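This is what each chain is made of:
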Amino acid sequence: MRITTQMINEGARKAGLPIQGNSLLNYLKKDKSTSLFGSMNENLYGITGNTSVDSVKKSSYEKLEKTANKLMDIVESFTAEGEKTLFSNAKETGNKEQIIQTAKSFVDSYNNTIKQLKSSDSTLDMYYKEMFDEVMNENKGVLESIGITQSSKGTLSLDETKMTDADVDTLENTLGASGILSAKIVFLASRVSANAQTNANTYSNLYSASGDIQSLLNSKHEWWG
């Protein structure tokens, strides 16, 4: 999946952004190991100029792009609208199995995305990971009420029994199009995917992705308020 600016903007609209939180610029300023106007490539993107190291990182970014895209696809199945959705089918049949299986896939895909972000030495990826944490913390109560909990490491787990016991309306309000959680996750995942795609292409083309750091921060990544 190729992430476009239009797709990201649409995700922002659905998510009702800005989301409350620290801006990327403030985040980088708090990171004393990061020189905003110095070693931007290594700290922000993780680009080293070492061919063998960069080959590994290229592969890592390609994997991150795939996991983020998969996360988007799964979450978008929760927000699909029309006559035959996960939730309308469950209301009609009384069977929540399809919702639960999709939730299991969501938890697995979310955890894979977090794992990939944590394995990166890119400051930007660490920022995205923190934003995922923030979204989950904002929705901690409602998620726990349907059986989804977050560990101290940021990964999710699913209590299938608790989700089975939850009524369909509650599941839809939490995970469906009427709620805000899924839209925020899709938006964040689209950012992760677009950044991973850019970096994977950078390693493929063997050129520096430094650019103008101040312009980048002010235009491309300043979307948290």
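Refer to the structure presented above.
Fair warning: this is a prediction, and the values are worked out from it, not measured in the lab.

Scanning the chain from N- to C-terminus turns up twelve helices and two strands. The N-to-C order of helical and strand elements in the chain reads α-α-α-α-α-α-α-α-β-β-α-α-α-α. In the chain, buried positions account for 48% of the 225 residues. In the chain, the proportion of contacts linking residues at least 24 apart, taken out of those at least 6 apart, comes to 77%.

In total, this model carries eight salt bridges according to the counting rule given. For D169, the salt bridge identified is with K91, shortest N-O distance 3.2 Å. In this pair, D169 sits in helix α10 (residues 168–175) while K91 sits in helix α5 (residues 86–93), placing the two residues 78 residues apart along the sequence. Residues E138 and K184 are paired through a salt bridge, measuring 3.1 Å at the closest nitrogen-oxygen approach. Of the two residues, E138 is situated in helix α7 (residues 123–138) and K184 in helix α11 (residues 181–205); the sequence distance between them amounts to 46 residues.

Right, let's get into α10. For α10, the set of buried residues is V168, L171, T174 and L175. One side of α10 carries all its buried residues, which in axial view fall inside an arc of 130°. The N-cap residue of α10 is D167: its side-chain oxygen and the backbone nitrogen of D169 are 3.2 Å apart.

Next up on the list: the packing of helix α6 (residues 97–119) against α7. Direction vectors running N to C along α6 and α7 enclose 145°, while the axes themselves pass 8 Å from each other. Every pair of crossing elements has a handedness; the one defined by α6 and α7 is left-handed. In contact with F106, Y110, T113, I114, L117 and K118 of α6, α7 contributes D125, M126, Y128, K129, F132, D133 and M136.

On to the packing of α5 against α10. Two numbers describe how α5 lies on α10: the axes approach to 10 Å, and their chain directions differ by 175°. In terms of axis orientation, α5 runs roughly antiparallel to α10. Counting all contacts with α5, which are made through F87, A90 and K91, the residues of α10 involved are V168, D169, L171, E172 and L175. Partitioned by chemical class, the residues of the contact of α5 with α10 number five nonpolar, no polar and three charged.

Checked against the element boundaries, T113 lands in helix α6. A relative accessible area of 1% means that T113 is categorised as buried. Not counting chain neighbours up to four residues away, the residues in contact with T113 comprise L64, T67, A68, L71 and F132.

Ranked by internal contacts, the top residues of the largest apolar core, which has 44 residues, are L71, F78, F87, F106, Y110, F132 and I185. Those elements that place two or more of their residues in this core are α4 (51–78), α5, α6, α7, α10 and α11. The residues touching L71, leaving out its near neighbours within four places in the chain, are F106, S109, Y110, T113, F132, I185 and A189.

With that out of the way, let us pick up the packing of aromatic side chains. Enumeration according to the criterion identifies five aromatic pairs in this entry. Summarising the aromatic geometry, the rings of F106 and Y110 are spaced 6.0 Å apart at their centres and angled 55° between planes, so their arrangement reads as tilted. Here F106 and its partner Y110 are both found in helix α6, four residues apart, which amounts to about one turn of the helix. Judged on exposure class, the residue F106 and its partner Y110 are both buried. For the ring pair Y110 and F132, a centre distance of 5.5 Å and an interplane angle of 85° mean the geometry is edge-to-face. Here Y110 is found in helix α6, whereas its partner F132 is found in helix α7, with 22 residues between them in sequence. One aromatic cluster is present, built from ring pairs that chain together F78, F87, F106, Y110 and F132.

Of note, R191 is situated in helix α11. When its relative accessible area of 12% is taken as the criterion, R191 is described as buried. Placed 63 residues apart in sequence, R191 and Y128 show a C-alpha to C-alpha distance of 8.2 Å.

Rules of the game
- Residues numbered from 1 in each chain as written.
- Predicted model: local features only at pLDDT ≥ 70, side-chain atom pairs only at ≥ 80, totals over all residues.
- Heavy atoms only, no water.
- Helix = DSSP H or I, 4+ residues; strand = E, 2+ residues; numbered from the N terminus.
- Buried < 20%, exposed > 50% of the residue type's maximum accessible area, 1.4 Å probe, protein only.
- Contact = heavy atoms within 4.5 Å.
- Salt bridge = Lys/Arg side-chain N within 4 Å of Asp/Glu carboxyl O.
- Arc of directions from axis to C-beta.
- Polar contact = N/O pair within 3.5 Å; in protein donor to acceptor, adjacent residues only side chain to side chain.
- Axes fitted to C-alpha atoms, helices over the stretch in contact; angles between N-to-C directions.
- Left-handed = near helix turned anticlockwise from the far one by under 90°.
- Parallel < 35°, antiparallel > 145°, perpendicular 65-115°, else oblique.
- Nonpolar A, V, L, I, M, F, W, Y, C, P; charged D, E, K, R; others polar.
- Core = buried A, V, L, I, M, F, W, Y, C linked by side-chain atoms within 4.5 Å.
- Phe/Tyr/Trp six-rings, centres within 6.5 Å; stacked < 30°, edge-to-face > 60°.

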